[in-house]
Amino acid sequence: MLDSLLRTSPRLAPVVARAADYELQIIYTQINRDAQQRPHFVQHNFRLDARQYFNPASLVKLPVAVLALEKLNKLDQPCLTRRSPMATGAAFRCQTAVPYVASPDSDRINTVGNYIKRMLLVSDNQAYNRLYEFLGQRPLNERLAELGYPSARIVRRFAPCDTGANRYTNPITFYNPATKQICYQQPAAVNPIPFSYPLGQVRKGRAYQSGGHLVQRPYDFTTANYLPLQHSTDILKALLFPAAVPVQQRFNLTANDYAFLRYYLHHTPHSSSFSAFASAKYFDAYKKYLYYGRRKSPERSTLRIYNVVGMSHGYLSDVAYFSDAAHHTEFLLSAVLYVNQDGIINDGVYEYETIGLPFLESLGQLISEYEAQRPHTVAPTLTDFLIPENIK
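Cut-offs and rules
Sequence order as written defines the numbering, with residues in each chain counted from 1. Thresholds applied to this predicted model are a pLDDT of at least 70 for local features of residues and 80 or more for the giving and counting of side-chain atom pairs; totals over whole chains, interfaces and linings are not thresholded and use all residues. Based on all heavy atoms of the structure, the side-chain values leave hydrogens and waters out of the count. Burial here depends on accessible area, computed with a 1.4 Å probe over protein chains only, as a share of the maximum for the residue type. Under 20% is buried, over 50% is exposed, and the range in between is partly exposed. A run of DSSP states H or I qualifies as a helix once it reaches four residues; a run of E qualifies as a strand once it reaches two. Both are numbered from the N-terminal end. Pairs of N or O atoms within 3.5 Å make up the polar contacts considered here, provided that, within protein, one atom can donate a hydrogen while the other can accept it, and that residues adjacent in sequence are counted only when both atoms are side-chain atoms. We call a pair of cysteine sulfur atoms a disulfide whenever their separation is within 2.5 Å. A pairing counts as a salt bridge when a side-chain nitrogen of Lys or Arg comes within 4 Å of a carboxyl oxygen of Asp or Glu. Two strands pair under a simple rule: DSSP has to find at least two bridges between them. Angular values range over 0 to 180 degrees, each being the angle between N-to-C directions of two axes fitted as lines to C-alpha atoms, with helices fitted over their stretch in contact. By definition in these notes, contact holds between two residues if any of their heavy atoms fall within 4.5 Å.

1. Some words on helix α5 (residues 125-135)
With 9 of 11 residues buried, α5 is to be regarded as a mostly interior element. Taken as a whole, α5 has its buried residues at A127, Y128, N129, R130, L131, Y132, E133, F134 and L135. N-cap assignment for α5: the residue whose side-chain oxygen lies 3.1 Å from the backbone N of Q126 is D124. Phi for G136, located one or two positions after α5, is positive at around 85 degrees.

2. Observations concerning the state of the cysteines
Counting across every chain of the model gives 2 disulfides. Note that C79 is cross-linked by a disulfide to C183, the S-S spacing being 1.8 Å. Between C79 and C183 the disulfide shows an S-S torsion of about 95 degrees. By sign, it is right-handed. Of this pair, C79 sits in the loop between α3 (61-75) and β3 (86-88) while C183 is found in strand β6 (residues 182-186), placing the two residues 104 residues apart along the sequence. As far as burial versus exposure is concerned, C79 and C183 are alike and both buried. The disulfide partner of C94 is C161, and the S-S distance across this bridge is 1.9 Å. Disulfide C94 to C161: torsion about the S-S bond roughly -85 degrees, handedness left-handed. In this pair, C94 is assigned in the loop between β3 and α4 (112-122) and C161 in the loop between α6 (137-146) and β4 (168-169), connecting sequence segments 67 residues apart. Owing to a relative accessible area of 31%, C94 belongs among the partly exposed residues under this scheme. Taken in sequence order, the bonded cysteines of the chain link in the pattern 1-4, 2-3.

3. Side note on the pattern of salt bridges
Within the structure shown, the criterion is met by 16 salt bridges. Here R93 makes a salt bridge to D162, at a shortest N to O gap of 2.9 Å. In this pair, R93 is assigned in the loop between β3 and α4 and D162 in the loop between α6 and β4, connecting sequence segments 69 residues apart. A relative accessible area of 36% places D162 in the partly exposed class. In this structure, R295 and E361 form a salt bridge, with 3.1 Å as the shortest nitrogen-oxygen distance. In this pair, R295 sits in the loop between α9 (289-292) and β12 (303-312) while E361 sits in helix α10 (residues 352-373), placing the two residues 66 residues apart along the sequence. One connected set of salt bridges, linked through shared partners, spans E70, R143 and E146.

4. Some words on the sheet that holds strand β2 (residues 39-46)
Pairing is antiparallel in the open sheet, where 5 strands are placed in the order β2-β1-β14-β13-β12. Taken across any chain shown, the strands that pair with only one partner, and hence form the sheet edges, are β2 and β12. Going across the sheet, the axis of each strand differs from the next one's by a mean of 10 degrees, ignoring polarity. Relative to strand β13 (residues 315-324), β12 is paired through 10 bridges, and the arrangement is antiparallel. Of the residues in β13, the one forming a bridge with V308 is V319. Of the strands in this sheet, β1 (25-33), β12, β13 and β14 (329-338) touch α10, which is tilted by about 155 degrees from β14.

That's the geometry; what it means functionally is another story.
So this is what it looks like as structure tokens:
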């Protein structure tokens, strides 16, 4: 069905006709509600293949955000919340110290909550690094395996650190937000046993840039982060529909945690009221690749998109849930494609603007139009996604 639908769109045709060259993968999940408004999912795939490596880039920020909140709950310290000021030390090569700096603007203080906001609103890399370090390489990946994602590998910072350095994580101190006294200290840690890599050796491209020089051999992704498109889709689904997934795949989150994550998954930098992103560079449709591409202003106030994106090394991805109050429709849509026509990695020459983003924009619009006319036995009330939120 999805294959046929894609081929009805002239806007998608150039990429769909060369889907193998673009390494295109798509997951479209229909959601059908029963009389009790319980969701039932019907997944349609186009070239989905977990063995087809793509660089997940910022897609890894969603599981890291979720597991950081889980860890706070597990530590169960009265003074330790997502609003507790946080200082990061340095104890090994390639580590960055981030001291605690008080600020009258609570949005400017480094906390788990503010790091998550920065990750979900504008895909901030330094915020990801701090929470990767808070989780620790081995506990992070072992928890993903427990949740049903054993092949996931989140093993790198977004920094030029070697594989060994990424196994070492920083000492971290949290402060009581009321008294400013030390609340909790986490020592520096190391993953003593390197992880294996489920795809074996992975090399891409014909050459790559390094230190200002062109290296005439494929780029090695073997030890890079790895998160299949199905995993990212399932993690988003588990966040938005926890009751619809098996108990063992549900996150250890409070109702407030779920509301917090949902708020920042769908809000834009401006609509979130997060003061750090009030500038004009963060336009209203920022980071909503599916449906809006690079257009700056959202056109439909009734459409909510809860999503996480990736853009790196020529790979462009978006994993999203659409909730449309005007048409009473909802669906999940995930896609990744590779736009690197010269085959050179790290040269900064990728066809994001000319091919990748226009494709994702057209894909989101195509599926939205199809959903608007697809018969639904029971119209979704979308109650969980229309209640006004007051999460800061």
